[in-house]
2 protein chains.
Amino acid sequence: MGGVSSNPGIDIRNKKYTQRGVSSSKEDVVLAIRDLDPGVYPNAFCRIVPDILGQNPKYVNLMHADGAGSKSSLAYIYWRETQDVSVFESLAQDALVMNIDDMACVGGVQSPMLFSSCIARNKRYIPAEVIKALIHGTEKFLAEMRKLDFSMHLSGGETADLGDNVRTLVVDATATCRMPKKHVIENHIQPGDVIVGCASDGQATYEKEYNSGIASNGLSALRHDLFKKEYLHRYPESLDPHMDASLAYAGSYSLHDVLPRMGISQPLGKLALSPTRTYAPLIRDVLEQIRDQIHGIIHCSGGGQYKVLPFLKGCRAVKDQLFQAPPIFRILPDYPHPDLYHIFNMGHRLEFYTSPKGVETILDICKKYKIQGKAVGFVEASSQAEVRLILPE
Amino acid sequence: MGGVSSNPGIDIRNKKYTQRGVSSSKEDVVLAIRDLDPGVYPNAFCRIVPDILGQNPKYVNLMHADGAGSKSSLAYIYWRETQDVSVFESLAQDALVMNIDDMACVGGVQSPMLFSSCIARNKRYIPAEVIKALIHGTEKFLAEMRKLDFSMHLSGGETADLGDNVRTLVVDATATCRMPKKHVIENHIQPGDVIVGCASDGQATYEKEYNSGIASNGLSALRHDLFKKEYLHRYPESLDPHMDASLAYAGSYSLHDVLPRMGISQPLGKLALSPTRTYAPLIRDVLEQIRDQIHGIIHCSGGGQYKVLPFLKGCRAVKDQLFQAPPIFRILPDYPHPDLYHIFNMGHRLEFYTSPKGVETILDICKKYKIQGKAVGFVEASSQAEVRLILPE
């Protein structure tokens, strides 16, 4: 439809999201923690603290927590339907990459990273084989990253039986990194910058199959919007019982449905559980080759295509050449509603803000990893920070 | 009654625990992860990995995750009853100390520590003021530790809205520490060692009021055994709806009840929410003064007085001079059942295994901090590793 969307976009779509007890931007939490020390690089994508761990004035520390979010509810019902426990290995990757890619945006990707996992389960529904798959998946993904020459290691983790607190499963990970200050990328996005987006879907050279691009944000919306009412009755433990029943599993699909006209053979449940792609190899190459051209790196996670907003000072990001939305997003009942861009990445989950002469190198590196790259927009001066999207046809 | 209890003790008491969906020893998880690399010091109290973060062969890293467990359900109902949001500050301390004291047991207490928190909430029940109290409590506790000359710093954290996964609230923390190898305490418990216990209750010099000693283990058992049925009806969101109703809030107390004959003015709900005491100051002093005498340090968390069992090789720990159980444990309906010692600390949450000549120094240091210390038992040779408790009169 080629609409125009400016921030903030609160309407019917976002209200539905809120009524499901989630929010894409966590406004109240942001207010609650606004007095916290912003760290030594206030405009960095994630908080950076002095080198507590090494006491070296030339270094800084990152310690970062994130998780697979409500994707674990979807993994749970998919596993119950198919007995395919490997979806929990994929869920472990989700929790790890949500940390890795945030830390990569500040340049942490060039330093060793240490990880710890934190799993809370309801033992009634989640047996040891699931925990085993989660831990095995964590080890396996980090081993794959080591093959790509990253120094990423699991330190340990905690599994807690919390049936009174947890309906099924919560999977989180924490990462620590000690990095030289000279590697730090703080966002200094400026008029004249080109925005290069890196596709969230497809199959990168280091991925084993097609990735739908869904990642780990908006999964509550997607699960309830796509999948049908029978899951409400079969797996009441997979959702908040107080959710308005009309909003719960309100879609028309089965987890087993295949969408042949999209040329994808994976069933829809599996597509929705595609592991969060890491952009770490790509970010590392870009920093090694054209660090000086890079004025910002944004991981479009919670908040979708508006994620960059808090990092814009006196400028407007205009994205007028966005990717076509990948198939997983095109079957959402609200598609192509502009508010979907607040909740999902809708096509690219990583963007570089670069001087124009950096563009070609970034696109070459994208090609190397078989990730589609594209100049999706530009930055212009503006009295007020703003993100403006021109939605694709 | 002065009974004798040997491991393992599975009977009615433990069955009740299991039926509530928790376990004090997490047997199935232990089996699921037994193939994991045990780290560079296999007999250390927690996993130690090489110095990934600093690449210095003289250093090692710890990264450790733990949380407040089901104590958050109790904090929730107490807050709803009293509007006293400060109980969440105390809950933040629980999550931190569960990490600090584990890491202190391997000697990490002499090195800087970096923390990150991980909070998952159901937004329907947990508003921003609770998140604010949790984060404020985290900052406040670490500031208090810094006053005691510990280098402990918050790096950041994540708050996730997970209404489909979480009934009310899950509060976890992760800690990272980089320490010199020469500071590492690996357990080498041996016949002839004296076991010195450090009381879990009372008021240490660095505590603001009487601490019941409950800490963060066994809270599901305690909550349902002490508190009465009305909470089941008023706060059904505070427990697993599939729990056998006869086991849920099956006690006789109100959160507001005061037990004057015990000489304690805090209401029972507050007592049950006493923040987990840290033994870090005491452990640091002991290591600074008599490191060579110390053959093991055990944090009696999950598994209670049997926590030491996996660290015993060819010996038996006999605890024949245990503390009288503090008041909070004496009002449990099953008291003085021996199985309580598998679930709760029952009087001391920290124990040193020391050569006899170290005992006096440890007791002196306990006195300095106004924590009751006591030689609670001894270690003797045994073909099979065993913990034997002679329960107090």
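Predicted model only: the values in this text are computed from it and were never measured. (Residues numbered from 1 in each chain as written. Chains lettered and ligands numbered in written order. Predicted model: local features only at pLDDT ≥ 70, side-chain atom pairs only at ≥ 80, totals over all residues. Heavy atoms only, no water.)

**A word on the overall build of chain A**
If you tally the helices and strands in chain A, you get 12 helices and 12 strands. By the compact-globule yardstick of 21 Å for 393 residues, chain A fits well, its C-alpha radius of gyration being 20 Å. Projected onto its principal axes, the C-alpha positions of chain A cover 55 × 50 × 45 Å. Burial statistics for chain A: of 393 residues in total, 67% are counted as buried. If you take every contact in chain A between residues at least 6 apart in sequence, the share linking residues at least 24 apart comes to 83%. Surface accessibility of chain A: about 13,600 Å² in total, with carbon and sulfur atoms responsible for 52%. Charge separation in chain A, taken as the distance between the mean sites of 43 positive and 44 negative side-chain charges, equals 2 Å. (Helix = DSSP H or I, 4+ residues; strand = E, 2+ residues; numbered from the N terminus. Rg over C-alpha atoms; globule rule 2.2 N^0.38 Å. Buried < 20%, exposed > 50% of the residue type's maximum accessible area, 1.4 Å probe, protein only. Contact = heavy atoms within 4.5 Å. Areas by Shrake-Rupley, 256 points an atom, 1.4 Å probe, with all protein chains shown as cover. Lys, Arg positive; Asp, Glu negative; His and termini not counted. Charge placed at Lys NZ, Arg CZ, Asp CG, Glu CD.)

**Details of the relation of the copies chain A and chain B**
Relative to chain B, chain A is turned by 180° and slid 0.0 Å along the rotation axis, the superposed coordinates differing by an RMSD of 0.0 Å. Those values place the two copies in the arrangement expected of a two-fold rotation axis. No C-alpha of chain A lies nearer the rotation axis than that of V166 of chain A, which sits 2.3 Å from it. (Least-squares fit on C-alpha atoms with pLDDT ≥ 70 in both.)

**Regarding the interface of chain A and chain B**
Facing 74 residues of chain A, the contacting portion of chain B comprises 74 residues. Summed over both partners, the interface of chain A with chain B buries about 6,200 Å², with 53% contributed by carbon and sulfur atoms. By the criterion of area lost to chain B, the three top residues of chain A are M63, D164 and N165 of chain A, representing 13% of everything that side buries. Taken together, the links from chain A to chain B amount to 34 residue pairs in polar contact (both at pLDDT 80 or more). Only α2 (27-32), β3 (59-67), α3 (71-82), β4 (113-121), α5 (128-147), β5 (152-161), β6 (169-180) and α6 (219-226) of chain A provide two or more residues apiece to the side of chain A that touches chain B. Take the side of chain A that touches chain B: its biggest share by element is 8 residues, from β6 of chain A. (Buried area = accessible area lost by both parts, 1.4 Å probe. Polar contact = N/O pair within 3.5 Å; in protein donor to acceptor, adjacent residues only side chain to side chain.)

**Examining the pairing of strand β9 (residues 315-319) of chain B**
Residue and element names in this part refer to chain B. Counting buried residues along β9, 5 of its 5 residues qualify, which places the element largely inside the surrounding structure. Sheet topology note: the β9/strand β11 (residues 373-381) ladder contains 4 bridges and is antiparallel. Across the sheet, residue V318 finds its bridge partner in β11, namely F378. Strand direction decides the pairing type here: β9 and strand β12 (residues 386-390), joined by 4 bridges, are parallel. Considered in β12, the bridge of K319 is made with L389. (Pairing = 2+ DSSP bridges.)

**Section: the sheet that holds β4 of chain A**
All names here are of chain A. Ordered in space as β2-β3-β6-β4-β5, the 5 strands form an open sheet in which the pairing is mixed. Strands with a single pairing partner mark the edges of an open sheet, and in this sheet they are β2 (49-50) and β5. Note that β4 and β5 share 9 bridges and pair parallel. Opposite L114, over in β5, you have H153 as the bridge partner. Running at roughly 35° to β6, helix α4 (residues 87-104) makes contact with β3, β4, β5 and β6 of the sheet. Relative to β5, α5 is tilted by about 165°, and along the sheet it contacts β4, β5 and β6. (Axes fitted to C-alpha atoms, helices over the stretch in contact; angles between N-to-C directions.)

**Quick word on the side chain of T138 of chain B**
Residue and element names in this part refer to chain B. Its place among the elements puts T138 in helix α5 (residues 128-147). The class for T138 is buried, based on a relative accessible area of 7%. Once residues within four sequence positions are removed from consideration, T138 is found in contact with A92, L96 and L154.

**As for the confidence of the model for chain A**
Taken residue by residue, chain A gives an average pLDDT of 93. The fraction at 70 or more is 94%. For this predicted complex, the interface confidence comes out at an ipTM of 0.94, alongside a pTM of 0.95. (pLDDT = per-residue confidence, 0-100.)

**Re the pairing of strand β10 (residues 348-354) of chain B**
All names here are of chain B. Judged by how many residues are buried, β10 sits mostly within the fold: 7 of 7 residues are covered. With 6 bridges connecting them, strand β7 (residues 194-199) and β10 associate as antiparallel partners. Counterpart to G197 in the pairing with β10 is E351. Pairing analysis gives 5 bridges linking strand β8 (residues 294-299) to β10, with the strands arranged antiparallel. Looking across to β10, one finds that I298 is bridged to E351.

**Quick notes on the environment of V30 of chain A**
Residues and elements named next belong to chain A. Here V30 is to be found in helix α2. Relative accessible area serves as the criterion here: at 48%, V30 is assigned to the partly exposed category. Residues V30 and V258, spaced 228 residues apart in sequence, show a C-alpha to C-alpha distance of 40 Å.

**A look at helix α9 (residues 280-290) of chain A**
Residues and elements named next belong to chain A. Burial within α9 is extensive, with 9 of its 11 residues counted as buried. Buried within α9 are the following residues: A280, P281, L282, I283, R284, D285, V286, L287 and I290. Those residues of α9 hidden inside the fold are in contact with α4, α5, β7 (194-199), β8 (294-299), β10 (348-354) and α12 (359-368).

**Quick look at the packing of aromatic side chains**
All names here are of chain A. On inspection of all chains with the given rule, the structure shows 18 aromatic pairs over all chains. On the basis of an interplanar angle of 35° and a centroid distance of 5.5 Å, the ring pair of F45 and F311 is categorised as tilted. With F45 in the loop between α2 and β2 and F311 in the loop between β8 and β9 (315-319), this residue pair connects regions lying 266 residues apart in the sequence. An aromatic cluster of three or more residues is present, and its members are Y76, W79, F88, Y125 and Y235. (Phe/Tyr/Trp six-rings, centres within 6.5 Å; stacked < 30°, edge-to-face > 60°.)

**Quick word on unusual backbone geometry**
A cis amide bond, omega 5°, links Y335 of chain A with the succeeding residue P336 of chain A. Relative to the assigned elements, P336 of chain A resides in the loop between α10 (327-330) and α11 (340-343). A positive phi angle, near 70°, is found at D149 of chain A, a position not held by glycine. Looking at where D149 of chain A falls in the secondary structure, it is placed in the loop between α5 and β5. Non-glycine residue K370 of chain B carries a positive phi angle of around 55°. Along the chain, the position of K370 of chain B falls in the loop between α12 (359-368) and β11.

**Looking at the sheet that holds strand β3 (residues 59-67) of chain B**
Residues and elements named next belong to chain B. One open sheet accounts for 5 strands, arranged β2-β3-β6-β4-β5; its pairing is mixed. Of all strands in the sheet, those bounded by a partner on one side alone are β2 (49-50) and β5 (152-161). Bridge count for β2 against β3 is 2 bridges, and the pairing is antiparallel. The residue bridging V49 from the neighbouring strand is N61, located in β3.

**Observations concerning the side chain of T354 of chain A**
Residues and elements named next belong to chain A. Mapped onto the secondary structure, T354 falls in strand β10. With a relative accessible area of 0%, T354 lands in the buried category. In this structure the side chain of T354 is engaged in a polar contact, spanning 3.4 Å, whose partner is the backbone oxygen of Q293. Look past the residues within four positions of T354 in its chain and what remains in contact with it is D193, V194, V196, Q293, I294, H295, V359 and I362.

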